[in-house]
Amino acid sequence: QVQLVESGGGLVQPGESLRLSCAASGRIFSIYRMGWYRQVPGKQRELVASITLVGGGITNYADSVKGRFTISRDNAKNTVFLQMSSLKPEDTAVYYCNAYGGSSPSFVTDYWGPGSQVTVSS
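Described below are features of the structure shown in this document. Source: prediction; values computed, not measured.

**Things to note about the overall build of the chain**
(1) Moving on: Of the regular secondary structure elements, the chain holds 0 helices and 11 strands.
(2) Moving on: In the chain, the succession of helices and strands from N to C terminus is β-β-β-β-β-β-β-β-β-β-β.
(3) Moving on: Relative to the 2.2 N^0.38 estimate, which gives 14 Å for 122 residues, the radius of gyration of the chain is 14 Å and therefore close to what a compact globule would have.
(4) Moving on: Summarising its shape, the C-alpha atoms of the chain cover approximately 45 × 30 × 20 Å along the three principal directions.
(5) Moving on: Taken over 122 residues, the chain has a buried fraction of 40%.
(6) Moving on: A total of about 6300 Å² of accessible surface is found on the chain, and carbon and sulfur atoms cover 49% of it.
(7) Moving on: For the chain, the distance from the average site of its 11 positive side-chain charges to the average site of its 8 negative ones is 5 Å.

**Some details on the packing of aromatic side chains**
(1) Moving on: Going through the model one piece at a time under the given rule, you end up with 2 aromatic pairs.
(2) Moving on: Summarising the aromatic geometry, the rings of Tyr32 and Tyr100 are spaced 6.4 Å apart at their centres and angled 50° between planes, so their arrangement reads as tilted. Within this pair, whereas Tyr32 is found in strand β4 (residues 30-39), its partner Tyr100 is found in strand β9 (residues 93-104), the two being separated by 68 residues in sequence.
(3) Moving on: On the basis of relative accessibility, which here comes to 29%, the residue Tyr100 falls in the partly exposed class.
(4) Moving on: Ring geometry for Tyr37 versus Trp112: centroids 5.0 Å apart, planes at 70°, classification edge-to-face. Residue Tyr37 is found in strand β4, and its partner Trp112 is found in strand β10 (residues 107-112); the two are separated by 75 residues along the sequence.
(5) Moving on: When the ring centre of Tyr96 is taken as reference, the NZ or CZ atom of Arg45 above it lies at 3.7 Å.
(6) Moving on: Directly above the aromatic system of Trp112 lies the positively charged group of Arg45, at a separation of 4.7 Å from the ring centroid.

**So, the state of the cysteines**
(1) Moving on: Inspection of every chain in the model, using the stated rule, returns 1 disulfide.
(2) Moving on: In this model Cys22 forms its disulfide with Cys97; the gap between the sulfur atoms is 1.9 Å. With the S-S dihedral at roughly -85°, the linkage between Cys22 and Cys97 falls on the left-handed side. Linking Cys22 in strand β3 (residues 18-26) with Cys97 in strand β9, this pair joins segments that are 75 residues apart in sequence. Cys97 carries the same exposure label as Cys22, and that label is buried.

Scoring rules and cut-offs
Residues numbered from 1 in each chain as written. Predicted model: local features only at pLDDT ≥ 70, side-chain atom pairs only at ≥ 80, totals over all residues. Heavy atoms only, no water. Helix = DSSP H or I, 4+ residues; strand = E, 2+ residues; numbered from the N terminus. Rg over C-alpha atoms; globule rule 2.2 N^0.38 Å. Buried < 20%, exposed > 50% of the residue type's maximum accessible area, 1.4 Å probe, protein only. Areas by Shrake-Rupley, 256 points an atom, 1.4 Å probe, with all protein chains shown as cover. Lys, Arg positive; Asp, Glu negative; His and termini not counted. Charge placed at Lys NZ, Arg CZ, Asp CG, Glu CD. Phe/Tyr/Trp six-rings, centres within 6.5 Å; stacked < 30°, edge-to-face > 60°. Lys NZ or Arg CZ within 6 Å of the ring centre and 35° of its normal. Disulfide = S-S within 2.5 Å.

Spelled out as structure tokens, the structure:
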């Protein structure tokens, strides 16, 4: 079993920055990819950013956050960070950490954190 522990959410004003962290722990054989999704009431959960933990650290960003958000990794600690800058009110959402991996080569699946509230408001 893999557990994800998130930290760093909160309330900020427009234009400010915030950093989210997510650490994976437990019975880990390998984590291949980690990332962040977000969801607002009444809408589907959407990808914000992801990064591979194997290979060259390939990143993927939603168009709405390109140039403002940066995802990075610490492979040794199975941890990812999301640096969010120039935050806008429309970035307000619950942010969920995601990890794709598993406890054995034959069992690979998606794992989710409990969610962190990010509120951007003046």
